[in-house]
Amino acid sequence: MEMHEKPTIKDCYRIGPRKADAVRPIKFTLSSTDIVQQVLRKSYVLRSKEGYKKVYICPDRTKEERAAFKLLKVKKKSIEKAQRQDSSDINIIKDFMSKYE
């Protein structure tokens, strides 16, 4: 990431039990909240870098915040699925109507 200063990592460790076929997330603590905000703002850049496409940086959340965020993600996916289905239905209707014009 292109940042004006190199972030200082105060603590870093893996979360969860070791499993042969799973990658464990890494939790790290930075020196200041300003640096945290800067890293979170620039985290999208990782997706465009080779070798980092599956890396995801998220803010620290409480258990309740994680549950609410998960619920929002599920709702978003269902809305997107419905929109794709509606789009498919519209295309089918357009194709049907074009045959009779």
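Bear in mind the structure is a predicted one, so any value in this text is a computation, not a measurement.

1. Looking at the overall build of the protein
Step number 1: The helix and strand tally for the protein stands at 2 helices and 2 strands.
Step number 2: Shown N-terminal to C-terminal, the secondary structure of the protein runs as helices and strands in the order β-β-α-α.
Step number 3: Per-residue burial over the protein gives 9% buried out of 101 residues.
Step number 4: Partitioning the contacts of the protein with sequence separation of at least 6, the portion at a separation of at least 24 is 25%.
Step number 5: Counting every atom, the protein has about 9,500 Å² of accessible surface; 56% of that belongs to carbon and sulfur.

2. Side note on the layout of surface pockets
Step number 1: Quantified by volume, the largest pocket comes out at close to 1,300 Å³.
Step number 2: A per-class count over the lining of the largest pocket returns 21 nonpolar, 3 polar and 8 charged.

3. Some words on the packing of aromatic side chains
Step number 1: Taken as a whole and judged by the stated rule, the model has 0 aromatic pairs.
Step number 2: Positioned above the aromatic ring of F69 is the side chain of R61, whose terminal nitrogen or guanidinium carbon lies 3.9 Å from the ring centre.

4. With respect to the environment of V36
Step number 1: Looking at the element boundaries, V36 is found in helix 1 (residues 33–42).
Step number 2: The partly exposed category is assigned to V36, whose relative accessible area is 30%.
Step number 3: With 24 residues separating them along the chain, V36 and D60 place their C-alpha atoms 9.9 Å apart.

5. A word on the environment of I15
Step number 1: With respect to the secondary-structure elements, I15 resides in the loop between strand 1 (9–14) and strand 2 (26–30).
Step number 2: Setting aside its immediate chain neighbours within four residues, I15 contacts R24, P25 and K27.

6. Looking at a nonpolar patch on the surface
Step number 1: A surface patch of nonpolar side chains, about 270 Å² in accessible area, is lined by I9, I26 and F28.
Step number 2: Given a relative accessible area of 36%, F28 falls into the partly exposed group.

7. As for the confidence of the model for the protein
Step number 1: Chain-level statistics for the protein give a pLDDT mean of 81 and a share of 81% at 70 or above.
Step number 2: Considering each helix and strand of the protein separately, the mean pLDDT is smallest for helix 2 (residues 63–99), with a value of 77, and largest for strand 1, with 92.

8. A word on helix 1
Step number 1: What helix 1 keeps buried is the set I35, Q38 and V39. What you see down the axis of helix 1 is that its buried residues fit within an arc of 95 degrees, all on one side. Structural note: helix 1 exposes T33, D34 and R41 on the side pointing more than 90 degrees away from its buried face.
Step number 2: Tucked into the core, helix 1 has its buried residues touching strand 2.

Criteria and thresholds
- Residues numbered from 1 in each chain as written.
- Predicted model: local features only at pLDDT ≥ 70, side-chain atom pairs only at ≥ 80, totals over all residues.
- Heavy atoms only, no water.
- Helix = DSSP H or I, 4+ residues; strand = E, 2+ residues; numbered from the N terminus.
- Buried < 20%, exposed > 50% of the residue type's maximum accessible area, 1.4 Å probe, protein only.
- Contact = heavy atoms within 4.5 Å.
- Areas by Shrake-Rupley, 256 points an atom, 1.4 Å probe, with all protein chains shown as cover.
- 1 Å grid on protein atoms, 1.4 Å probe; cavity = no way out; pocket = protein on both sides within 12 Å on 5 of 7 lines; lining within 4 Å.
- Points joined across faces, edges and corners; volume = space filled by probe spheres on them.
- Nonpolar A, V, L, I, M, F, W, Y, C, P; charged D, E, K, R; others polar.
- Phe/Tyr/Trp six-rings, centres within 6.5 Å; stacked < 30°, edge-to-face > 60°.
- Lys NZ or Arg CZ within 6 Å of the ring centre and 35° of its normal.
- Patch = residues over 30% accessible without salt bridge, like charges linked within 9 Å, V, L, I, M, F, W, Y side chains within 5 Å.
- Salt bridge = Lys/Arg side-chain N within 4 Å of Asp/Glu carboxyl O.
- pLDDT = per-residue confidence, 0-100.
- Arc of directions from axis to C-beta.

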